[in-house]
Amino acid sequence: DAKTTQPTSMDCAEGRAANLPCNHSTISGNEYVYWYRQIHSQGPQYIIHGLKNNETNEMASLIITEDRKSSTLILPHATLRDTAVYYCIVRGDNYGQNFVFGPGTRLSVLP
Amino acid sequence: GAGVSQSPSNKVTEKGKDVELRCDPISGHTALYWYRQRLGQGLEFLIYFQGNSAPDKSGLPSDRFSAERTGESVSTLTIQRTQQEDSAVYLCASRTGQGRTGELFFGEGSRLTVL
């Protein structure tokens, strides 16, 4: 079972920031938070991951709360091409652990 | 190649036939995953290979499903006696074994339709 909960869907206006929340209240100390997205008819695409510090890359920013029980993925200037299903995944750093995908959040960026 | 390659991209088969789906991971990636995604649904974990370790088969839905991987290269997912509920996109992903937090790289999937 997925260890995360996310809203089923969200809308965002084009050009505005999209803030996608994720709850992971049972996260343990060695577990990372990963974000992937899946654009229609394509394989999922890695976005970003973090342990406890906030992270930023060319695609997005990841804000993790101090208690690590929740996080927010931020797309600073959403475009129509960002319309996709966004998956928040919690995974330990053990080689043997697989990535468990929940249903994700369907983000619709509106013109 | 530069990315994860899967073949065939589309497969239509009749109920009861066997099918083989192939995945070529990124060169050097020691970990390989298979997922199933039914229409409008999320990703369902099937099986995971990591180097020479025994694969994690905990996600295989029935004994009609099996997968093999030769060393750290190609993997084949085999579905025997296909059923209509096997219709889905089968996604393969690989990741490097260098470092514990390597990201997954997905292929574009093999779309299976069982008539």
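Up top is the structure these notes are about.
Notes on the structure in this doc start here. (Residues numbered from 1 in each chain as written. Chains lettered and ligands numbered in written order. Predicted model: local features only at pLDDT ≥ 70, side-chain atom pairs only at ≥ 80, totals over all residues. Heavy atoms only, no water.)

Comments concerning the sheet that holds strand β8 (residues 84–92) of chain A
Consider a sheet: its strands pair through backbone hydrogen bonds, and that pairing is either parallel or antiparallel.
All names here are of chain A.
Then, in step 1: The sheet built from 5 strands is open, its strands ordered β1-β9-β8-β3-β4 with mixed pairing. At either margin of the open sheet sits one strand with a lone partner, and together these are β1 (9–13) and β4 (45–50). When strand polarity is set aside, the average angle formed by the axes of neighbouring strands in this sheet is 25°.
Then, in step 2: Relative to β8, strand β3 (residues 31–38) is paired through 8 bridges, and the arrangement is antiparallel. Residue pairing for β8: Tyr34 is matched across the bridge by Ile89. (Pairing = 2+ DSSP bridges. Helix = DSSP H or I, 4+ residues; strand = E, 2+ residues; numbered from the N terminus. Axes fitted to C-alpha atoms, helices over the stretch in contact; angles between N-to-C directions.)

Notes on the sheet that holds strand β5 (residues 55–56) of chain A
Residue and element names in this part refer to chain A.
Then, in step 1: The sheet built from 4 strands is open, its strands ordered β2-β7-β6-β5 with antiparallel pairing. The two strands at the open ends of the sheet, each matched to only one other strand, are β2 (18–23) and β5.
Then, in step 2: The pairing of β5 with strand β6 (residues 61–64) spans 2 bridges and is classified as antiparallel. Bridge pairing in β6 places Glu55 opposite Leu62.

Re the pattern of salt bridges
All names here are of chain B.
Then, in step 1: For the coordinates displayed, the defined rule picks out 6 salt bridges over all chains.
Then, in step 2: Between Arg36 and Glu44 there is a salt bridge, with its nearest N and O atoms 2.9 Å apart.
Then, in step 3: Of the residues examined, Glu44 reaches a relative accessible area of 29% and is grouped as partly exposed.
Then, in step 4: As a salt-bridge pair, Arg64 and Asp86 come within 2.8 Å of each other at their nearest N and O atoms. In this pair, Arg64 is assigned in the loop between β5 (43–50) and β6 (65–69) and Asp86 in the loop between β7 (75–79) and β8 (88–95), connecting sequence segments 22 residues apart. Summarising the burial analysis for this pair, Arg64 and Asp86 share the class buried.
Then, in step 5: Beyond isolated ion pairs, a larger network of salt bridges with shared partners links Arg36, Arg38 and Glu44. (Salt bridge = Lys/Arg side-chain N within 4 Å of Asp/Glu carboxyl O. Buried < 20%, exposed > 50% of the residue type's maximum accessible area, 1.4 Å probe, protein only.)

Concerning the state of the cysteines
Then, in step 1: As enumerated under the stated definition, the model contains 2 disulfides over all chains in all.
Then, in step 2: Disulfide pairing is shown between Cys22 of chain A and Cys88 of chain A; the S-S distance is 2.1 Å. Across the S-S bond of Cys22 of chain A and Cys88 of chain A the torsion is about -85°, and the bridge reads as left-handed. Note that Cys22 of chain A is positioned in strand β2 and Cys88 of chain A in strand β8, a separation of 66 residues in sequence.
Then, in step 3: Of the residues examined, Cys22 of chain A reaches a relative accessible area of 1% and is grouped as buried.
Then, in step 4: Classification of Cys88 of chain A by relative accessible area gives buried; the value is 0%.
Then, in step 5: The disulfide partner of Cys23 of chain B is Cys92 of chain B, and the gap between their sulfur atoms is 1.9 Å. Here the disulfide of Cys23 of chain B and Cys92 of chain B is left-handed, its torsion about the S-S bond being about -65°. (Disulfide = S-S within 2.5 Å.)

Notes on the side chain of Thr13 of chain B
All names here are of chain B.
Then, in step 1: Mapped onto the fold, Thr13 is located in strand β2 (residues 10–13).
Then, in step 2: Taking the relative accessible area as the measure of exposure, Thr13 reaches 7% and is therefore buried.
Then, in step 3: Excluding residues within four positions of it along the chain, Thr13 makes contact with Val19, Thr82, Leu112, Thr113, Val114 and Leu115. (Contact = heavy atoms within 4.5 Å.)

Some remarks on unusual backbone geometry
Then, in step 1: Geometrically, the link from Ser7 of chain B to Pro8 of chain B is a cis peptide bond, its omega value of -10° lying close to zero.
Then, in step 2: Phi at Ser41 of chain A takes a positive value of approximately 70°, unusual for a residue other than glycine.
Then, in step 3: Inspection of the secondary structure assignment puts Ser41 of chain A in the loop between β3 and β4.
Then, in step 4: Non-glycine residue Arg68 of chain A carries a positive phi angle of around 65°.

Details of the pairing of β7 of chain B
Residues and elements named next belong to chain B.
Then, in step 1: Most of β7 sits inside the fold, with 4 of its 5 residues counted as buried.
Then, in step 2: Alignment of strand β3 (residues 19–24) against β7, held across 5 bridges, turns out to be antiparallel. Within β7, the position partnered with Val19 by the bridge is Ile79.
Then, in step 3: Both β6 and β7 contribute to a ladder of 5 bridges, which runs antiparallel. Within β7, the position partnered with Ala67 by the bridge is Leu77.
Then, in step 4: Joining the antiparallel neighbours β6 and β7 is a turn of 5 residues, in which Gly71 adopts a positive phi near 60°.

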